[in-house]
Amino acid sequence: MKSYAVESTGNNYIRLRKKLTQSFCFMLFRISALINGLALAVIVYFILANGWKAINWTFLTQPPMDSMTKGGIFPCIIGTLFLCIGAMVVAFPIGVFSGIYINEYAKPGRILRIIRLGISNLAGVPSVVFGLFGLAFFVIYLKMGVSILAGALTLGAMSLPVIIGSTEEALKAVPDTYREASLGLGATKLQTIFRVVVPAAMPGILTGGILGISRAAGETAPIMFTAAVFSSPKLPESVFDEIMALPYHIYVLATAGTEIETTRPLQYGTALVLIAMVLGMNLTAIILRSRLRKKMRQI
Amino acid sequence: MEQEYKITSKNLDFYYGSVKALQSISLNFQLHQATALIGPSGCGKSTFLRCLNRMNDLIPGIRVEGEICMDGENIYKPSVDVVRLRSRIGMVFQKPNPFPKTIFENVAYGLKVNGVKDKNLIAERVEKSLRSGALWDEVKDRLHDSALSLSGGQQQRLCIARALAVEPEVLLMDEPCSALDPIATQKIEELIHELKDKYTIIIVTHNMQQAARVSDVTAFFYMGKLIEAGETDTMFTRPRLKTTEDYITGRFG
Ligand SMILES: Nc1ncnc2c1ncn2[C@@H]1O[C@H](COP(=O)(O)OP(=O)(O)OP(=O)(O)O)[C@@H](O)[C@H]1O
Ligand SMILES: [Mg+2]
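Residues numbered from 1 in each chain as written. Chains lettered and ligands numbered in written order. Predicted model: local features only at pLDDT ≥ 70, side-chain atom pairs only at ≥ 80, totals over all residues. Heavy atoms only, no water.

Within the largest apolar cluster, 53 residues are counted, with the highest numbers of intra-cluster contacts made by Leu37, Phe48 and Leu52 of chain B. A per-element tally of this core places helix α9 (residues 189–217) of chain A first, with six residues. Ranked by size, the runner-up nonpolar core spans 39 residues in total, among them Ala216, Ala217, Ala228 and Tyr248 of chain A. (Core = buried A, V, L, I, M, F, W, Y, C linked by side-chain atoms within 4.5 Å. Buried < 20%, exposed > 50% of the residue type's maximum accessible area, 1.4 Å probe, protein only. Helix = DSSP H or I, 4+ residues; strand = E, 2+ residues; numbered from the N terminus.)

Structure representation (structure tokens):
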């Protein structure tokens, strides 16, 4: 009865306008989201279509030959893999501990504000500046030379803000009631953090870590002065060796030399491998997160 | 009659920043008795309860004046070990808050963080605590399932068992039944009755019948002040003050 009354007093024209406005806005949102997905689809399709033909067993397992017009990209795959692992080893603990400090220990105030400002600025620093910093500090000042170590440290520094940010987010999502319950049982703050808070935040922390590294994996600028070389006759034997890497290889093939046109397929092939690696890492992160979440609910 | 007080609060003032939430609270808690804290929402019951195990310390910008003594010793003295203090005072919260761990791990947690390593002892204590929490029979076959798979009432009894496992001397309960159905509530009330023999219990409740059923002493708070406290029977039949009577009989406002 009541709803009928409301309906009959409502103005049809106003209702129609409201409905149209609503549909229009939803349409806009939908189109925006669609453009997003479309962009990814176009990029992937473009690279797949162009790079597919270049992919074969030789391409994946052999070094470049005939001044890079033939052969494969095996050393580059290894190089990028090493750089990612190195960056992860460097940045993950530092980033996670910083996140824990900022979210769990630091008292709100001036120092915390300065630290936060530092981190958000770090996130905004262009990657080429990281590259120059790595060159000046790790390569020259700390005498590491152009090496996996210097490159991993540079990439690590670059992914720190992402890792810190996602650690903070994950810790914030842990309800305070867990902390109170733990402290109420006579646990110290440290015990509370490592036995309750961090395990509960682990899915988020890990995902953020992997996403941070995978973002760094595709960067060219930070490694071009610190780790990557045009071409290397052998695979690296220690962290002080220089290496080839996928993004830099694409850059080299596409800009240097006289064979730019003939190596086009190789460029797309390399890009395809790089994209597959990055998407693979992201996928791993997502699967890992949902696995951990499920496990947390079950145990 | 000589009375033995477990906890005494004297002229306690409490501030959240510049807002005074408690005003000169003086209230004593007798050993092996249950005290109910009642009063309208926002009157400071939880704040007071959380002063007793210094849980408010976690909130930035708070200030405490006056004193709270446990066994005659001021718990706000700088030399007091807060971690140790909290292991002597168990707390059960309004919403059940088991850790995302197994049932067993939840109960064992307090023991482990307090340095108990002996596996047999831990297993023994877990069983004993779950029995005291009136939960053992329901979970004995699924100790290694997630605590989150339990029902709300079971979770709350698990939280009680978890608190009991560290063998505290005092048990603080902040509206422990507010999220539970009548049957689970009854179970917990029976539990409180049994626990009184061993622990000193302080319970916040909005339910007058519950206060009347489980407590020996009732304290009525209003706007940050302690209005009246006394034997529960007296409080509910012949309160001294009109405000108290109005609140208890539901004629408040
Ligand atoms: N963390 C806080 N920061 C600032 N003020 C607070 C905080 N917690 C509580 N207060 C204020 O202190 C007063 C007492 O709150 P408290 O939670 O102790 O009330 P309560 O009696 O437990 O109420 P309820 O029955 O609703 O749980 C309220 O006015 C509340 O707004
Ligand atoms: Mg409350």
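With that settled, the discussion passes to the pattern of salt bridges. Residue and element names in this part refer to chain B. Summed over all chains, the structure comprises 26 salt bridges over all chains. With a shortest N-O distance of 2.6 Å, Arg213 and Glu189 are connected by a salt bridge. Residue Arg213 is found in helix α8 (residues 208–214), and its partner Glu189 is found in helix α7 (residues 182–195); the two are separated by 24 residues along the sequence. Accessibility expressed as a relative area gives 7% for Glu189, which makes it buried. Here Arg240 makes a salt bridge to Glu228, at a shortest N to O gap of 4.0 Å. (Salt bridge = Lys/Arg side-chain N within 4 Å of Asp/Glu carboxyl O.)

Right, let's get into the site of ligand 1. All names here are of chain B. Taken together, Tyr16, Ala21, Ser41, Gly42, Cys43, Gly44, Lys45, Ser46, Thr47, Ile59, Glu175 and His206 form the complete shell of residues around ligand 1. The side chain of Ser41 places a nitrogen or oxygen atom 2.4 Å from an oxygen atom of ligand 1. When the free accessible area of ligand 1 is taken as 630 Å², the share hidden by the protein chains comes to 59%. With three residues, helix α1 (residues 45–52) is the single largest residue contributor to the shell around ligand 1. Along the lines of polarity and charge, the residues of the shell around ligand 1 split into four nonpolar, six polar and two charged. (Near = heavy atom within 4 Å. Polar contact = N/O pair within 3.5 Å; in protein donor to acceptor, adjacent residues only side chain to side chain. Areas by Shrake-Rupley, 256 points an atom, 1.4 Å probe, with all protein chains shown as cover. Nonpolar A, V, L, I, M, F, W, Y, C, P; charged D, E, K, R; others polar.)

The subject of this paragraph is the pairing of strand β1 (residues 5–16) of chain B. All names here are of chain B. Looking at chain direction, β1 and strand β2 (residues 19–30) are connected through eight bridges and run antiparallel. Residue pairing in the sheet places Ile7 in a bridge with Phe29 of β2. The antiparallel pairing of β1 with β2 creates a hairpin that spans two residues between the two strands, and Gly17 there sits at a positive phi of about 60 degrees. Direction of pairing for β1 relative to strand β4 (residues 62–70): antiparallel, over a ladder of eight bridges. Paired with Tyr16 across the bridge in β4 is Ile62. (Pairing = 2+ DSSP bridges.)

Attention shifts here to unusual backbone geometry. Residue and element names in this part refer to chain B. The backbone phi angle of Ser24 is positive, close to 45 degrees, even though this residue is not glycine. Here Ser24 falls in the partly exposed class, since its relative accessible area comes to 40%. In the Ramachandran plot, Asp71 falls in the positive-phi region, its phi being about 50 degrees despite a non-glycine side chain. Assessed through its relative accessible area of 45%, Asp71 is described here as partly exposed.

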